[in-house]
Every structure is written in C-alpha cells, then in structure tokens.
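Listed below, chain by chain, are the residues.
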Amino acid sequence: DRVDDQMQAYRREHSAPTVWPNRESLLACVGPGAACDKVVRSAARLAQQLGLDWHAVHVRTARPLSEAASQRAQRTLELAQSLGARTAELSAPEVAAALVGYAREHNLARLVVGRRERAWRWPGRPSLAQALSHLADEMDVLQVALPTAVREREPQARMPRGLLAPKALHGY
C-alpha cells in the first residue's frame, strides 16, 4: 500500500495521462436508472472475489433528473459505500469523459457499467460502454446485464362505431 500511495503521488505530480498497471481496482459507474444497484452489487461481488479496491461514481450533467432518479442515485452510492466502495459524485458536461478522468486520476483499470439489451438510442450516439472504450483503450470495460423495463400494457383505445367505423368508410 505504501508503494501504491507513492506511485499515486508521483502520477499526480507529473500528470500521468493513462492508467499504470499496478494493484488492480474497479470503478462502478452509477446511473440514475431503476436497476443501478445491480451494477454496484456486481462490482462489489467482483471486488470481493478478486480482493480488489473499488470505487463507485455518479456523474451529474446539465440534464435535470427527476427527484426520484436523483434519490435513487444517492441511495445507490450509499449502498456502494456500505459494501466497501469509495464513492464520489461528479458534475460534468459529459458522463464518459468524467468517468475516464476519475479513473485515470485514481488509477482504476476496470470500469463496470450497466447494459440494456434493447435500449433505444439516437442513431450514431454510442452507448456508455462504447464511449468509455473509445476514450480509454487502456482500461477494461465490463458490462453488467440489466433487466429491460417491463412496460405495462396500455388499454386499447375504443374503436369508433357507426359512420366513423373503419368498415363504414371502406370505399371512400
């Protein structure tokens, strides 16, 4: 630990731009989603199995969060802390860049993020895992499968009757 602390101090003094291979460590990326605790629990389990130090970070952007999402992220950080993580909450315009900056500052070689199978995304906009991989090719990005949100079935709209019924308009 003493050598690791000295190396960290040297990296800060000399602004080392990449992660140096040393004692392994993890960074759990905490989002505001309903299943964000699964990322934290998976990172905690992995850190315990491998005997690693780990951190959990939530990044706030200019995009406003609902009160429920904000409280969920805060509760998840508290959960991470209770499971042994060092926690932080950052403010930045870009989530991926902030996470990579934090990981480099603390020399964290593995990032743990959530992944949804069928998440809709704007065309051309990468997922968080893709953005992290692009920004930090020296880091491992581990993806934890998150459950897809179950949408409640919406009640069917009542079909019009009489002259406005689809069959009544057939031929016009």
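Residues numbered from 1 in each chain as written. Predicted model: local features only at pLDDT ≥ 70, side-chain atom pairs only at ≥ 80, totals over all residues. Heavy atoms only, no water.

(A) Region of interest: helix H4 (residues 95–105). Restricting attention to buried positions, one finds in H4 the residues Ala96, Ala98, Leu99, Val100, Tyr102 and Ala103. Of the surrounding secondary structure, the elements contacted by the buried residues of H4 are strand S1 (25–30), strand S2 (53–60), strand S3 (86–91) and helix H5 (128–135). (Buried < 20%, exposed > 50% of the residue type's maximum accessible area, 1.4 Å probe, protein only. Helix = DSSP H or I, 4+ residues; strand = E, 2+ residues; numbered from the N terminus. Contact = heavy atoms within 4.5 Å.)

(B) Fine view of the sheet that holds S3. Taken in spatial order, the 5 strands make up an open sheet running S3-S2-S1-S4-S5, and their pairing is parallel. Both outer strands of the open sheet, S3 and strand S5 (140–145), are each paired with one neighbouring strand and no more. On average, each strand axis in the sheet is inclined to that of its neighbour by 25 degrees, with strand direction left out of account. Sheet topology note: the S1/S2 ladder contains 6 bridges and is parallel. Across the sheet, Leu27 pairs through a bridge with His55, a residue of S2. Running over the sheet, helix H3 (residues 67–82) touches S1, S2 and S3 and is turned about 170 degrees from S2. (Pairing = 2+ DSSP bridges. Axes fitted to C-alpha atoms, helices over the stretch in contact; angles between N-to-C directions.)

(C) Fine view of helix H2 (residues 36–50). The terminal C-alpha atoms of H2, which comprises 15 residues, lie 22 Å apart, in line with the 21 Å expected from a rise of 1.5 Å per residue. Of the residues trailing H2, Gly51 is marked for its positive phi of about 65 degrees. (Expected span 1.5 Å × (residues − 1).)

(D) The confidence of the model for the protein, seen in detail. Per-chain confidence: the protein averages 81 in pLDDT, with 69% of residues scoring 70 or above. Scored below 50 in pLDDT, residues 150–157 shows 0 contacts in the model against residues more than four places distant or in partner chains. Of the regions scoring below 50 in pLDDT, residues 168–172 engages in 4 contacts with residues more than four places distant in sequence or in other chains. (pLDDT = per-residue confidence, 0-100.)

(E) Molecular detail of unusual backbone geometry. Of note, the phi angle at Asn107 is positive, near 55 degrees, even though the residue is not glycine. By the secondary structure assignment, Asn107 is in the loop between H4 and strand S4 (110–115). Note on Asn107: relative accessible area 2%, which makes it buried.

(F) Structural detail: the packing of H2 against H3. The interhelical angle for the contact between H2 and H3, taken along N-to-C directions, is 15 degrees, at an axis separation of 9 Å. Comparing the axis directions of H2 and H3 gives the class roughly parallel. The handedness of the crossing between H2 and H3 comes out as right-handed. Contacts between H2 and H3 involve Cys36, Asp37, Val40 and Arg41 on the former and, on the latter, Arg72, Thr76, Leu79 and Ala80. (Parallel < 35°, antiparallel > 145°, perpendicular 65-115°, else oblique. Left-handed = near helix turned anticlockwise from the far one by under 90°.)

(G) Representation of the nonpolar core within the structure. Membership of the largest hydrophobic core comes to 20 residues, with the highest contact counts inside it found for Leu27, Val57, Leu99 and Leu132. Residue assignment for this core shows that the elements contributing at least two residues are S1, S2, H4, S4 and H5. Residue contributions to this core peak at 6 residues, all from H4. Not counting chain neighbours up to four residues away, the residues in contact with Val57 comprise Leu27, Ala28, Cys29, Val30, Leu77, Ala88, Leu90, Leu99 and Tyr102. In this structure, Leu26, Val40, Ala43 and Ala56 belong to the second largest nonpolar core, which totals 19 residues. (Core = buried A, V, L, I, M, F, W, Y, C linked by side-chain atoms within 4.5 Å.)

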